[in-house]
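Observations on the model geometry
In case you want the letters, here they are:
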Amino acid sequence: MAEPQRNTPLLDELKKGPWPSFVTQIEEMADAGKEACDQLLRLLERSYNEKIGHWKHGGIVGVMGYGGGVIGRYNDLPEEFPAIAHFHTMRVNMPSGWFYTSDALRTICDIWDRHGSGLTNMHGSTGDIILLGTTTEHLEPCFAELTANDFDLGGSGSDMRTPSCCVGPARCEWACYDTLALTHDITNHFQDELHRPAFPYKFKIKCSGCPNDCVASIARADLSIIGTWRDRIRIDQAEVRNYAAAGLNIEREVCGNCPTKCIEWDGNELKIDDENCVRCMHCINAMPKALRPGVDTGATILLGAKAPIVEGAQLSSVLVPFMKIEPPYEELYDLIERIWDFWGEHGKNRERVGELMQRVGLGNFLEAIGVEPVPEMVAYPRDNPYIFYEEYFVEEGEEEEEEVEA
Amino acid sequence: MAVTAEQVADAMYDLIKEYMGKKKFKAADLTKAMIEKFGEDQCDKALCKQAIRLLVDSGRCVYTYFGGSYIEIPHAEGAAGGA
Ligand code: HEM
Ligand code: HEM
Ligand code: SF4
Ligand code: SF4
């Protein structure tokens, strides 16, 4: 096209730092002939000058039958920037633990070359493969090619978002359950919830194999499934002595940093008082050859994390201190269904489950989903006074009745 | 249950159509309205889920997103502008 030379001095500033720049990468695609990428750069430069954003979002875009997986984007200057009048994002469900063959990656990139801007984000904060920028006409053909190659769209909108997990037992000896198998099973088991938005708002599930929580599920998932063990940390005393001989100050670096001070080292033998161990992983991380999680393993189920939107940010809090995580995962799926039932019934529009939990109170919430209060739910001393739930629980209309009786 | 998923789907469609341009419905709103209309003994969440599936898979309705996910009758995209 006879377009004037692209001139983007403000964007060029963003190429000067020591890190890879998104500007460089979009330029590569623009120079490879993607008109959309060229216009994307011009529009961004204009926004930086004007200090005005030119994107509108939402709307009707999607593929037949699905309510999630496509995120609509339009610019408000379609005459000037016709190649990016539509610039929709497709979220593609990634494989558990993000394992690909190079062939699979090429397949995705080739499909996106044919149907979109060529720009990808590997991966988005949901964990999905993010394909950035296409038009409404390309959605169905792109989807058809993806599914023909065994890929499916992920979640978006008020649905169960694409579940994600750490690499788990595939690469990590600390995994206390098979995070990959569980994530794959959740994806298949809850297909309807993933593709047909029916919740008050989004719901994220993330699976970490141990308390190191490599997918940060405690901060980023409404439901965090974090591996743990209920027996004893396995100790190889000879390896502990090797660490000491190699110069590790066990007294200071290991015992001194144990949050509950439940480890002792007498210079020859390491003793752990497992009753008081809170499974923080510190000692295991410090001496991976000498210490390992126990063998009676499972997961702690936590609920309620979210980023700040209406209310402030929140971490998930303990719902079930220990659950065995083994196929067919009935206990876990029952719990999830009860949570969704109560949230679906009582959640306000755009209310995350963690906010609902706070609004009705943990006591009432637990009663509604049929979970017994236990001391592990107390996040801090004198916080959530769990033992008084019965007394504080007031049925709707009960107060008036009592007055009549009195 | 005497009421079929098709009947619930039709009733949902009528409701959406009646309020088109005035009010948007989420899946849960439609479900509540149908249980109220047909009665708890005739209609439950599972039946409503089936009905929504019928509406969406046939293309009579589509999912839309405006800060949350809604179910609407397909119409021209406002945000798409002249494109
Ligand atoms: C009408 C009189 C009083 C009322 C209504 C009252 C009420 C309360 C309430 C609601 C709490 C918070 C409890 C909790 O966090 O679960 C509290 C805490 C406390 N009150 Fe009182 N209180 C009264 C008198 C007193 C007096 C006279 C003292 C001491 C001489 C006192 C000492 C404390 C202490 C030490 C705490 C605990 C603070 C903490 O949790 O660290 N209170 N009181
Ligand atoms: C008028 C006298 C007293 C008042 C008003 C009072 C009030 C309180 C209050 C409000 C709390 C906090 C409870 C909570 O956070 O849930 C508390 C805790 C406590 N009180 Fe007292 N108290 C009194 C006398 C005593 C005495 C005489 C003792 C010991 C002989 C004592 C030992 C304790 C202890 C150990 C705690 C801490 C419990 C914990 O860590 O949760 N108190 N007291
Ligand atoms: S969360 Fe634990 S099991 Fe998973 S990769 Fe990280 S350290 Fe390994
Ligand atoms: S895991 Fe944490 S709490 Fe448990 S013994 Fe090791 S350092 Fe202490």
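Anyway, here's the lowdown on the structure attached to this text. (Residues numbered from 1 in each chain as written. Chains lettered and ligands numbered in written order. Predicted model: local features only at pLDDT ≥ 70, side-chain atom pairs only at ≥ 80, totals over all residues. Heavy atoms only, no water.)

1. Some remarks on the overall build of chain A
Our working definition: By definition, any uninterrupted DSSP run of H or I lasting at least four residues is a helix, any uninterrupted run of E lasting at least two residues is a strand, and each is numbered from the N terminus. Should any heavy atoms of two residues lie within 4.5 Å, those residues are counted as being in contact. The method behind every accessible area is Shrake-Rupley, applied with a 1.4 Å probe, and residues are considered shielded solely by the protein chains displayed. A positive count includes Lys and Arg, and a negative count includes Asp and Glu. His and the chain ends are not counted in either. By convention, charge coordinates are those of NZ in Lys, CZ in Arg, CG in Asp, or CD in Glu.
Each helix and strand in chain A was counted, giving 16 helices and 15 strands. Taken over the C-alpha atoms alone, chain A extends approximately 75 × 75 × 40 Å along its principal axes. For chain A, contacts bridging at least 24 residues in sequence account for 64% of all contacts bridging at least 6. In the structure as shown, chain A presents an accessible area of about 20,400 Å², 50% of it carried by carbon and sulfur atoms. Distance between charge centroids for chain A: 8 Å, based on 37 positive and 67 negative side chains.

2. Notes on the sheet that holds strand β14 (residues 297-303) of chain A
Residue and element names in this part refer to chain A. Stated precisely, the cut-off is as follows: The criterion for strand pairing is that DSSP finds at least two bridges linking the strands in question. Each axis is a line fitted through C-alpha atoms, taken for helices only over the stretch in contact, and angles between the N-to-C directions span 0 to 180 degrees.
Taking strand neighbours across the sheet as the criterion, the five strands line up as β7-β8-β9-β14-β15 in an open arrangement whose pairing is mixed. Lying at the two open borders of the sheet, with one neighbouring strand each, are β7 (164-165) and β15 (317-323). In this sheet, strand β9 (residues 223-229) lies alongside strand β8 (residues 205-208) in parallel orientation, the contact comprising four bridges. For cysteine 207, the partnering residue across the bridge sits in β9 and is isoleucine 225. Its contacts with the sheet place helix α6 (residues 179-189) against β7, β8 and β9, and it is angled at close to 165 degrees to β8.

3. Examining a nonpolar patch on the surface
Short version of the rule: Patches in this entry comprise residues that are over 30% relatively accessible and not in a salt bridge; like charges within 9 Å are linked, as are nonpolar side chains (Val, Leu, Ile, Met, Phe, Trp, Tyr) within 5 Å. Salt bridges, as used here, are contacts in which a Lys or Arg side-chain nitrogen is within 4 Å of a carboxyl oxygen on Asp or Glu.
Residues Leu10, Leu14, Phe22 and Tyr48 of chain A make up a contiguous nonpolar surface patch of about 340 Å² in total accessible area. As for its placement among the helices and strands, leucine 14 of chain A is situated in the loop between α1 (9-13) and α2 (22-31).

4. Details of the pattern of salt bridges
Two side chains with opposite charge may pair up if their charged atoms get near one another. Quick reminder of the rule: When accessible area is computed with a 1.4 Å probe and restricted to protein chains, residues below 20% of their type maximum are described as buried, those above 50% as exposed, and intermediate ones as partly exposed.
Scanning the model with the defined rule gives 27 salt bridges over all chains in all. Arginine 114 of chain A is paired through a salt bridge with glutamate 145 of chain A; the nearest N and O atoms lie 2.6 Å apart. Separated by 31 residues along the polypeptide, arginine 114 of chain A in helix α4 (residues 102-115) and glutamate 145 of chain A in helix α5 (residues 136-148) bring together distant segments of the chain. For arginine 114 of chain A, a relative accessible area of 49% corresponds to the partly exposed category. Classification of glutamate 145 of chain A as partly exposed rests on a relative accessible area of 23%. Between glutamate 351 of chain A and arginine 359 of chain A there is a salt bridge whose closest N-O contact spans 2.7 Å. We classify arginine 359 of chain A as partly exposed; its relative accessible area is 41%. The network of salt bridges with shared partners includes Asp192, Glu193 and Arg196 of chain A together with Lys49, Arg53 and Asp57 of chain B.

5. Here we look at the interface of chain B and chain A
Test applied: As used here, buried area is the combined drop in accessible area, with a 1.4 Å probe, of two parts when they are placed together. Here a polar contact is taken to be a pair of N or O atoms separated by no more than 3.5 Å, where protein atoms must pair a possible hydrogen donor with a possible acceptor and residues adjacent in sequence count only if both atoms sit in side chains.
Facing 25 residues of chain B, the contacting portion of chain A comprises 29 residues. When chain B packs against chain A, close to 2,300 Å² is buried across both sides, 49% of that on carbon and sulfur atoms. Here chain B is connected to chain A by six salt bridges. If you look at where chain B meets chain A, you find 11 residue pairs in polar contact (both at pLDDT 80 or more). For the side of chain B that touches chain A, the elements supplying multiple residues, two or more each, are α2 (27-38), α3 (45-57), β1 (62-65) and β2 (69-72) of chain B. If one sorts the elements of the side of chain B that touches chain A by residue count, α3 of chain B sits on top with five residues.

6. Thoughts on the nonpolar core
Note the threshold: Nonpolar core, defined: a set of buried Ala, Val, Leu, Ile, Met, Phe, Trp, Tyr and Cys residues in which side-chain atoms within 4.5 Å join the residues together.
Ranked by internal contacts, the top residues of the largest apolar core, which has 40 residues, are Leu182, Phe203, Ile225 and Ile339 of chain A. Residue assignment for this core shows that the elements contributing at least two residues are α6, β8, β9, β14, β15, α12 (330-346), α13 (353-360) and α14 (362-369) of chain A. Tallying contributions element by element places α12 of chain A first for this core, with eight residues. Other than its neighbours up to four places away in sequence, isoleucine 339 of chain A contacts Phe203, Leu223, Leu303, Leu319, Val353, Phe365 and Ile369 of chain A. Judged by nonpolar contacts, the second largest core, of 24 residues, contains Leu15, Phe25, Cys43 and Ile71 of chain B.

7. Considering the site of ligand 4
Residue and element names in this part refer to chain A. Which entries qualify depends on this criterion: We call a residue near a molecule or strand whenever a single non-hydrogen atom of that residue lies within 4 Å of it. Buriedness for pockets is judged along seven lines, at least five of which must meet protein on both sides within 12 Å for an open set on the 1 Å grid over protein atoms alone, while cavities are sets there where a 1.4 Å probe fits but cannot get out, and lining residues have an atom within 4 Å of a point. Any molecule with more than half of its atoms within 2 Å of a cavity's or pocket's grid points is counted as sitting in it. Each residue gets one label: Ala, Val, Leu, Ile, Met, Phe, Trp, Tyr, Cys and Pro are nonpolar, Asp, Glu, Lys and Arg are charged, and the others, such as Gly, are polar.
Taken together, the neighbourhood of ligand 4 is formed by 13 residues, with Cys258, Cys277, Cys280, Met281 and Cys283 sitting nearest. Because more than half of its atoms lie within 2 Å of the grid, ligand 4 is assigned to the largest cavity. Residue classes in the shell around ligand 4 are distributed as 10 nonpolar, two polar and one charged.

8. Quick word on the layout of surface pockets
Basically, it comes down to this: Grid points are joined across faces, edges and corners, and a volume is the space filled by probe spheres set on the points.
Looking at the second largest pocket, its volume works out to about 840 Å³. If you trace the second largest pocket, you find 43 residues lining it, with Val70, Ile71, Gly72, Arg73 and Thr89 of chain A closest to the centre. Within the residue set of the lining of the second largest pocket, elements represented by two or more residues are α2, α3 (35-50), β1 (55-57), β2 (70-71), β4 (88-92) and β6 (129-134) of chain A together with β1 of chain B. In terms of residue class, the lining of the second largest pocket is made up of 22 nonpolar, 15 polar and six charged.

9. A short note on the packing of aromatic side chains
How two aromatic rings sit relative to each other is set out by the distance from centre to centre and by the angle between their planes. Residues and elements named next belong to chain A. Using the following cut-off: Aromatic pairs are defined between Phe, Tyr and Trp rings, using the six-membered ring for Trp, whenever the two ring centres lie within 6.5 Å; interplanar angles under 30 degrees are classed as stacked, those over 60 as edge-to-face, and all others as tilted.
Taken as a whole and assessed by the stated rule, the structure comprises 12 aromatic pairs over all chains. Centre to centre, the rings of phenylalanine 199 and phenylalanine 203 are 6.4 Å apart; their planes meet at 65 degrees, and the pair counts as edge-to-face. For the pair shown, phenylalanine 199 and phenylalanine 203 are each scored as buried. Note on phenylalanine 199 and tryptophan 343: the rings are 5.2 Å apart at their centroids and 40 degrees apart in plane angle, and the pair reads as tilted. Of this pair, phenylalanine 199 sits in the loop between α7 (191-195) and β8 while tryptophan 343 sits in helix α12, and the two are 144 residues apart along the sequence. Residue classification places tryptophan 343 among the buried residues on the basis of a relative accessible area of 0%. An aromatic cluster is present here, built from Phe190, Phe199, Phe203, Tyr329, Tyr333, Trp340 and Trp343 joined pairwise through their rings.

10. Remarks on empty space enclosed by the protein
Residues and elements named next belong to chain A. As enumerated under the stated definition, the model contains one cavity of 30 Å³ or more in all. Taken as a whole, the largest cavity holds about 100 Å³ of empty space. For the largest cavity, the lining is made up of 16 residues, of which Ile233, Cys258, Cys277, Cys280 and Cys283 are closest to its centre. A total of three residues in the lining of the largest cavity trace back to one element, the largest contributor, which is helix α11 (residues 282-286).

11. Some thoughts on the environment of arginine 73 of chain A
Residues and elements named next belong to chain A. Tracing the chain through its elements places arginine 73 in strand β3 (residues 73-75). Once the C-alpha coordinates of arginine 73 and arginine 234 are considered, the two residues, 161 residues apart in sequence, prove to be 53 Å apart. In contact with arginine 73, not counting residues within four places along its chain, are Trp55, Lys56, His57, Gly58, Ala85, His86, Phe87 and His88.

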